[in-house]
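This is what each chain is made of:
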Amino acid sequence: MKFRIRFAQQVVGVFVLIALVFGVVVLVAMGANQRWFARNYEYYSIFPTGEGLSVGMSVRFKGFAIGRVTEVTLAEEDLVRVDFYVEDTYIDRILPNSVMQLVTSPIGIGGGLVFHQGIGTGEHLEEHSLIPAINSAEGQRIVAAGLATVPSAGDDITRIIAQVEPLLASVNTLLVSVDGTVNHINKALAGDQSEPLGLTLAQVNTLLEEVEATLVAARQEAVDILASVAVIAGNFEATSAELRDPTGLVPRLLDADGSITTFLNDNNALYNEVEAMLRSINATLDEVNELALFVNSTQPQIAGILEESREAIILGQDVLEGVSNAPIIRRGITPEAPQPSTFQSHRDAQF
Amino acid sequence: MAKIKRVRTHLDRFSLACRDCIQYYVGQRATAVNIAERTGSRIFSSGEAFFYAMGYFYRILRESFFFLLHKKSRRVLTFQILFTGVEALPVIAVISIGLGAIIIIQGVALLPQFGQGELVYPILITVITRELGPILTAFIIAARSGTAISTEIGNMVVSHEIEAYVSNGIDPISYLAVPRFLGVVFSMMLLNLYFNIFGLLGSFVVTTLITTIDFRYYVFNLMNALTAADILVSLAKSAVAGAIISVVATYYGFQVKVASTEVPVMAIKSVGRGFILIILSNAFLTVMYYLWT
């Protein structure tokens, strides 16, 4: 028989026991962690508004969470009732004349429901009693009478300053660093350093000397060029003076006895000669034009004559070929007396 | 005479056409009547089966009460817990350790990137304790023990053992179904606790091989994230799933009539119906939990 069958009761018993023990341990641990078995003391407070209040938010005393808000309700006269509990560990801190303060921060830091302990000794405040808000009439009376230990209102500012402090320290470190860098540059400029910055400055000095020598040489060359330019300018000046001279070339050309005037004042003799020549050329060109038109009009007739002549020649050639091949003709062709043609070529025509 | 014959021929054709039309109409009406009849019959049979199953479940519950009072057949109950609970423990342990380790490793790696590193504990509780723990355990038990129970009872029906019990005055429900019902329900609840042990603590051991998490810090956060409602709803889901598995398995086991070939068919049916009912009940309880909290 298998072990587990033989000892089935025991195996099942162990199986069940382990699970139950685990369950119990978990329940106890959970209860201890979540304060199932601890007693909570309930109190309430009245605030003018519920802004910033929520169920579950912690009630803090000197930075410690001593309880939690359990309920936020709208009470009579439009006031807000806040129910909360305080853990039994801190119940001795809940003394008479204590006040509650709702701390809200515009930048979201340091908000919460804060408990301010009343001054005095003795028993803790009775459960389910009112702990007035610090801005209520009762709370202000308690604070004004000095019956509660309310820390100064600068807590948030202090926290902000505490956050700003590291920033200032960083700025200070930066300034020290900048100071050191400036000193370093000063030494380099003074030539007291053999580091990269000092070497760079020395090279810059040498470069400046070379630039100065180059500028001196360039200046000498520029003086020579300017002298040449002055000579050219002198020549231009002489030419200009010649042109401005009243006895110079231009007045002579434009003089009343000059060549141009003489040429223009000949009573149109030259003009008339030129006009006659042009007329003669024009008439010749008209005749040429007429001749071209005639040749153009007679061209089809000439073409027809040439075509007929070509056909006649071909026929004559055939006849001659037939005659030369005919065996009957023995005596050839009777000779005829030549008779000159009345037609002459155009070349022989008389104009 | 010829005219009279032609008229008779036309009348015959007309009467045949009318007869075909009437037959077609009657046939159509008969088909529609058949469909309605079958649908109604199926609804009635389903309703009847549902009420029969409810009556069967009521009988099991009532007999369970007497079983717990008289403590008879304790040995059957013990063996049922052994087979269903103890023997399924290795599978449950492997699945839960793997699942828990994956959640922790992924949570520790990913969630701090969104500034939500502490969210790994509520996720562990939600997945291991409240949601996947009960349903995965139920699936394993349904596939493993549900089929075994329906097959065993089906074979007993085929071999006329049930008839023998009845003829000897032994109620088969109180003697066969009730111990299995109680055994599966108890085993499911215990296995769910073990799933949590391995899923929450065993997976931590695996995770320490890869990352470094302080054990006290881990347990402290876990206990803060865990609530009594989580434990209650988890146990409720396990108990309901166990009841479904055992009732469905025994019900389909008793549904076997005469042939041994019916046994595997009923076993398959019991697993399929069991899975569906487990999912539905799990969803219902989850909704109830969210409405409650």
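Residues numbered from 1 in each chain as written. Chains lettered and ligands numbered in written order. Predicted model: local features only at pLDDT ≥ 70, side-chain atom pairs only at ≥ 80, totals over all residues. Heavy atoms only, no water.

1. So, the overall build of chain B
As a reminder of what qualifies: Secondary structure elements are taken from DSSP: a helix is a run of H or I of four residues or more, a strand is a run of E of two residues or more, and numbering for both begins at the N terminus. For every residue, the accessible area (1.4 Å probe, protein chains only) is compared with the maximum for its type, and the residue is labelled buried under 20%, exposed over 50%, or partly exposed between those bounds. Any two residues whose heavy atoms approach within 4.5 Å at even a single point are treated as in contact. Accessible surface area values rest on a Shrake-Rupley calculation with a 1.4 Å probe, where residue burial reflects the displayed protein chains alone.
Of the regular secondary structure elements, chain B holds 9 helices and 0 strands. Starting at the N terminus and ending at the C terminus, chain B contains elements arranged as α-α-α-α-α-α-α-α-α. Expressed as a percentage of the 293 residues in chain B, the buried residues total 42%. Considering only contacts in chain B between residues 6 or more positions apart, those separated by 24 or more positions represent 85%. Only carbon and sulfur atoms are counted for the fraction: they give 70% of the accessible area of chain B, which is about 16100 Å².

2. Structural notes on the interface of chain B and chain A
Short version of the rule: We define a salt bridge as a side-chain nitrogen of Lys or Arg found within 4 Å of a carboxyl oxygen belonging to Asp or Glu. Counting of polar contacts relies on pairs of N or O atoms within 3.5 Å, with two restrictions inside protein: one atom must be capable of donating a hydrogen and the other of accepting it, and residues adjacent in sequence are counted only when both atoms are side-chain atoms. All residues other than Ala, Val, Leu, Ile, Met, Phe, Trp, Tyr, Cys, Pro, Asp, Glu, Lys and Arg, Gly among them, are scored as polar; the first ten of these are nonpolar and the last four charged.
Taken together, the contacts link 24 residues of chain B with 19 residues of chain A. Linking chain B to chain A there are 0 salt bridges. Where chain B packs against chain A, one counts 2 residue pairs in polar contact (both at pLDDT 80 or more). The set of elements that each furnish at least two residues to the side of chain B that touches chain A consists of α2 (74–86), α6 (172–208), α7 (215–225) and α8 (228–254) of chain B. Looking at which element gives the most residues to the side of chain B that touches chain A, the answer is α2 of chain B, with 8 residues. Partitioning the side of chain B that touches chain A into residue classes produces 17 nonpolar, 5 polar and 2 charged.

3. Some points on the pairing of strand β3 (residues 64–74) of chain A
All names here are of chain A. Operational definition: Each pair of strands is called paired provided DSSP finds at least two bridges between the two strands.
As paired elements, strand β2 (residues 58–61) and β3 share 4 bridges and run antiparallel to each other. Bridging from a neighbouring strand, Phe 61 pairs with Phe 64 of β3. Hairpin connection, β2 to β3: the antiparallel pair is bridged by 2 residues, and Lys 62 has positive phi, about 50°. The antiparallel pairing of β3 with strand β4 (residues 80–87) creates a hairpin that spans 5 residues between the two strands, and Glu 77 there sits at a positive phi of about 55°.

4. Here we look at unusual backbone geometry
Residues and elements named next belong to chain A. With phi around 50°, Lys 62 is a residue other than glycine that occupies positive phi space. You can see Lys 62 is positioned in the loop between β2 and β3. You can call Lys 62 exposed: its relative accessible area is 66%.

5. Focus: a nonpolar patch on the surface
Residues and elements named next belong to chain A. Note the following rule: By definition, no residue in a patch forms a salt bridge, and every one has over 30% relative accessible area; like charges are joined within 9 Å, nonpolar side chains (Val, Leu, Ile, Met, Phe, Trp, Tyr) within 5 Å.
Nonpolar side chains collect at one region of the surface, where Leu 270, Val 274, Leu 278, Ile 281 and Leu 285 lie side by side and expose about 460 Å² of accessible area between them. Within the element layout of this structure, Leu 270 appears in helix α8 (residues 269–325). Leu 270 gets classed as partly exposed once you look at its relative accessible area, which sits at 41%.

6. Let's talk about the confidence of the model for chain B
Rule in force here: pLDDT expresses how confident the predictor is about each individual residue, on a scale running from 0 to 100.
Per-residue confidence for chain B averages 88 on the pLDDT scale, and 98% of its residues sit at or above 70. The weakest mean pLDDT in chain B belongs to helix α1 (residues 2–70) of chain B at 83; the strongest belongs to α8 of chain B at 94.

7. Here we look at the pattern of salt bridges
Under the definition given, this model contains 12 salt bridges over all chains. The partner of Arg 39 of chain A in a salt bridge is Glu 127 of chain A, with the nearest N and O atoms 2.6 Å apart. Of this pair, Arg 39 of chain A sits in the loop between α2 (8–33) and β1 (40–47) while Glu 127 of chain A sits in the loop between β6 (112–116) and α3 (137–144); the two residues are 88 residues apart in sequence, bridging distant segments of the chain. Glu 131 of chain B is paired through a salt bridge with Lys 237 of chain B; the nearest N and O atoms lie 3.2 Å apart. Placement of the pair is Glu 131 of chain B in helix α4 (residues 120–158) and Lys 237 of chain B in helix α8, with a sequence separation of 106 residues. Residue classification places Lys 237 of chain B among the buried residues on the basis of a relative accessible area of 3%. Each of Arg 130, Glu 131, Asp 230 and Lys 237 of chain B takes part in salt bridges that share partners, so that together they form one network.

8. Overview of the pairing of strand β5 (residues 99–103) of chain A
Regular strands show a simple pattern: their side chains alternate between the two faces of the sheet. All names here are of chain A. Buried residues dominate β5, accounting for 4 of its 5 residues. Pairing between β5 and β6: 5 bridges, direction antiparallel. Bridging across to β6, Val 103 finds its partner in Gly 112.

9. What about the packing of aromatic side chains?
Put simply, the rule is: Side-chain rings of Phe, Tyr and Trp, where Trp is taken by its six-membered ring, are said to pair if the distance between their centres is within 6.5 Å; with planes under 30 degrees apart they count as stacked, over 60 as edge-to-face, and otherwise as tilted. Think of it as a cone above the ring: NZ of Lys or CZ of Arg counts as a charge over the ring if it is within 6 Å of the ring centre and within 35 degrees of the ring normal.
Applying the stated rule across the entire model yields 19 aromatic pairs over all chains. Ring centres 5.3 Å apart and planes at 80° place the aromatic pair Tyr 289 of chain B and Tyr 290 of chain B in the edge-to-face group. Residue Tyr 289 of chain B is classed as buried on the basis of its relative accessible area, which comes to 8%. Look at Tyr 290 of chain B and you get partly exposed, because its relative accessible area is 48%. Among the aromatic residues, those joined into a ring-pair cluster are Tyr 52, Tyr 56, Tyr 251, Tyr 252 and Phe 254 of chain B. The ring centre of Tyr 44 of chain A lies 3.9 Å from the NZ or CZ of Arg 81 of chain A, which sits over that ring.

10. Concerning the nonpolar core
Short version of the rule: By convention a nonpolar core is built from buried Ala, Val, Leu, Ile, Met, Phe, Trp, Tyr and Cys residues, the set being connected through side-chain atoms within 4.5 Å.
Core analysis: the largest hydrophobic core is formed by 70 residues, its most contacted members being Phe 15 of chain A together with Ile 60, Leu 124, Tyr 218, Ile 245 and Ile 278 of chain B. Top element by residues in this core is α6 of chain B. It accounts for 16 residues. Those residues in contact with Ile 278 of chain B that lie beyond four places of it in its chain are Ile 135, Ala 138, Phe 139, Ala 142, Ala 241, Ile 244 and Ile 245 of chain B. One finds Ile 91, Leu 113, Ile 131 and Ala 133 of chain A within the second-largest nonpolar core, a separate group that totals 22 residues.

11. Concerning the side chain of Asn 282 of chain B
Within the secondary structure layout, Asn 282 of chain B lies in helix α9 (residues 262–292). The residues contacting Asn 282 of chain B, other than those within four sequence positions of it, are Glu 131, Ile 135 and Lys 237 of chain B.

12. Regarding the sheet that holds β1 of chain A
Residue and element names in this part refer to chain A. The line we're drawing: Inter-axis angles, ranging from 0 to 180 degrees, are taken between N-to-C directions of lines fitted to C-alpha atoms, where helices are fitted over the stretch in contact.
Strand order in the open sheet formed by 6 strands is β1-β4-β3-β2-β6-β5, with mixed pairing between adjacent strands. Across the chains shown, the open sheet's two edge strands, defined by having one partner strand only, are β1 and β5. Looking at each pair of strands side by side, their axes are set apart by 35° on average, direction ignored.

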